[in-house]
Amino acid sequence: MENSITLYGASGHGKVIIDILNAVGVKIKSVIDDNPKSESILGIPVAKTSEYDMSSLGETIISIGNNKVRKKLSISLSANFAKAVHPSAVISPNSSIGEGTVVMARVAINPDVTIGKHCIINTNATVEHDALIADFVHICPGVSLAGDVTIGEGTQVGIGAAVIQGISIGKWVTIGAGAVILNDIPDYAVVVGNPGKIIKYNSINE
């Protein structure tokens, strides 16, 4: 991680990233937002992007929870993207984490896990061995992913959901809070319940 980071997004998610960066001793260069709701976040001034020198972003984390917005910004921004990992997270040295990804407090990531770019692995989540998580995924607080699980681009796995061994979940899927996933899930599905059932499909527009 670099010595200073720009955060794009003065959001609640941004507050958590600020805490992570403070915990690991990384300076926050600036916080920017398209439409700031206040002049500061956790005491750090917020600059409006239209008034900011976007050529000076440097090392950046997109501190926005919306998966589609993170994807759009990652394509449009001219920046080098940094990772943020809370010091209480336990991550196997045999696993890999992509640029722009944030790993929050008390996460456990076991061996041979591959996590893509600009993902959020949220508080108390567990990712077991040999899981493959694509770009722009959000694994919400308290999620449990068993071994050999595959998750496609842009998917959100809701708070406290559980996914059993060997399951394949498609791209841009929404899994509801507390859902238990016992079967493979196709692209764009919205899944709720125990056992998880498809109730509708998300828009194909990514």
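One can find the structure itself at the top, above this paragraph.
Residues numbered from 1 in each chain as written. Predicted model: local features only at pLDDT ≥ 70, side-chain atom pairs only at ≥ 80, totals over all residues. Heavy atoms only, no water.

A.B. asks: What should I look at first to understand the overall build of the chain in this one?
C.D. replies: What the chain contains, in helices and strands, is two helices and 25 strands. The globule rule puts the C-alpha radius of gyration for 206 residues at 17 Å, and the 17 Å found for the chain is close to it. Taken over the C-alpha atoms alone, the chain extends approximately 50 × 35 × 25 Å along its principal axes. Classification of the 206 residues of the chain by burial places 47% in the buried group. The long-range share in the chain, meaning contacts at least 24 apart out of those at least 6 apart in sequence, stands at 23%. Total accessible area on the chain stands at roughly 9300 Å², and carbon and sulfur atoms take up 50% of it. For the chain, the centre of its 15 positive side-chain charges and the centre of its 18 negative side-chain charges are spaced 7 Å apart. (Helix = DSSP H or I, 4+ residues; strand = E, 2+ residues; numbered from the N terminus. Rg over C-alpha atoms; globule rule 2.2 N^0.38 Å. Buried < 20%, exposed > 50% of the residue type's maximum accessible area, 1.4 Å probe, protein only. Contact = heavy atoms within 4.5 Å. Areas by Shrake-Rupley, 256 points an atom, 1.4 Å probe, with all protein chains shown as cover. Lys, Arg positive; Asp, Glu negative; His and termini not counted. Charge placed at Lys NZ, Arg CZ, Asp CG, Glu CD.)

A.B. asks: What is the right way to read helix 2 (residues 67-76) from this model?
C.D. replies: Helical geometry note: an α-helix holds 3.6 residues per turn, so side chains three or four residues apart project in the same direction. Buried within helix 2 we find Asn67, Arg70, Lys71, Leu73 and Ser74. Looking at the packing, one finds that the buried side of helix 2 touches strand 1 (4-8), strand 5 (59-62), strand 6 (80-81), strand 13 (120-121), strand 16 (138-139) and strand 19 (156-157). The residue sitting at the N-terminus of helix 2 and contributing the capping side-chain oxygen is Asn66; that oxygen lies 3.0 Å from the backbone nitrogen of Lys68. (Polar contact = N/O pair within 3.5 Å; in protein donor to acceptor, adjacent residues only side chain to side chain.)

A.B. asks: Explanation requested: the nonpolar core in the structure shown.
C.D. replies: Considering soluble globular proteins, one finds that nonpolar side chains tend to be buried as a cluster. With 32 residues, the main nonpolar core has Ile121, Ile133, Ile139 and Ile175 as its most contacted residues. Once residues lying within four places of it in the same chain are set aside, the contact partners of Ile121 are Val102, Val103, Met104, Val107, Ile115, Val127, Ile133 and Ile139. (Core = buried A, V, L, I, M, F, W, Y, C linked by side-chain atoms within 4.5 Å.)

A.B. asks: Mind showing me how you'd approach the sheet that holds strand 8 (residues 90-91) here?
C.D. replies: Whether parallel or antiparallel, the strands of a sheet pair through hydrogen bonds between backbone atoms. With parallel pairing, the six strands of this open sheet are ordered in space as 8-11-14-17-20-23. Bordering the open sheet on either side are strand 8 and strand 23 (180-181), each of which pairs with just one other strand. The pairing of strand 17 (residues 144-145) with strand 20 (residues 162-163) spans two bridges and is parallel. Note that in strand 20 the partner of Ser144 across the bridge is Ala162. (Pairing = 2+ DSSP bridges.)

A.B. asks: Looking at this structure, I do not really get the pattern of salt bridges. What am I missing?
C.D. replies: When their charged atoms lie close together, side chains carrying opposite charge are able to pair. Under the counting rule described, the total for this entry stands at one salt bridge. Ionic pairing is found between Lys71 and Glu153, a salt bridge with its closest N-O pair at 2.9 Å. A residue pair is termed long-range when its members are at least 10 positions apart, and Lys71 in helix 2 and Glu153 in the loop between strand 18 (150-151) and strand 19 qualify at 82 residues. (Salt bridge = Lys/Arg side-chain N within 4 Å of Asp/Glu carboxyl O.)

A.B. asks: When you look at helix 1 (residues 12-23) in this model, what are you seeing that I'm missing?
C.D. replies: End to end, helix 1 covers 17 Å across twelve residues, agreeing with the expected 16 Å (1.5 Å per residue, within 8%). For helix 1, the set of buried residues is His13, Gly14, Ile17, Ile18, Ile20 and Leu21. Viewed end-on, helix 1 has its buried residues packed into an arc of 160°, placing them on one side of the element. The N-cap of helix 1, judged by a side-chain oxygen 3.3 Å from the amide nitrogen of His13 a few residues on, is Ser11. Trailing helix 1 by a residue or two, Gly25 shows a phi angle of about 75°, which is positive. (Expected span 1.5 Å × (residues − 1). Arc of directions from axis to C-beta.)

A.B. asks: For this particular structure, what's the right way to read the environment of Arg106?
C.D. replies: Its location among the elements puts Arg106 in the loop between strand 10 (102-103) and strand 11 (108-109). Each C-alpha atom of the pair Arg106 and Gly9 lies 23 Å from the other, and the pair is 97 residues apart in sequence. Leaving out residues up to four positions away in the same chain, Arg106 has contacts with Ser88, Ala89, Thr123, Asn124 and Ala125. At 3.1 Å, the side chain of Arg106 forms a polar contact with the side chain of Asn124.

A.B. asks: Got a minute to help me understand unusual backbone geometry in this structure?
C.D. replies: Leaving glycine aside, a negative phi is the common case for residues, and trans is the common case for peptide bonds. Pro195 follows Asn194 through a cis peptide bond whose omega is 0°. Despite not being glycine, Asp148 shows a phi value in the positive range, around 65°. Relative to the elements of secondary structure, Asp148 occurs in the loop between strand 17 and strand 18. The class for Asp148 is partly exposed, based on a relative accessible area of 35%. Positive phi outside glycine occurs at Trp172, with the angle close to 55°. Note on placement: Trp172 falls in the loop between strand 21 (168-169) and strand 22 (174-175).

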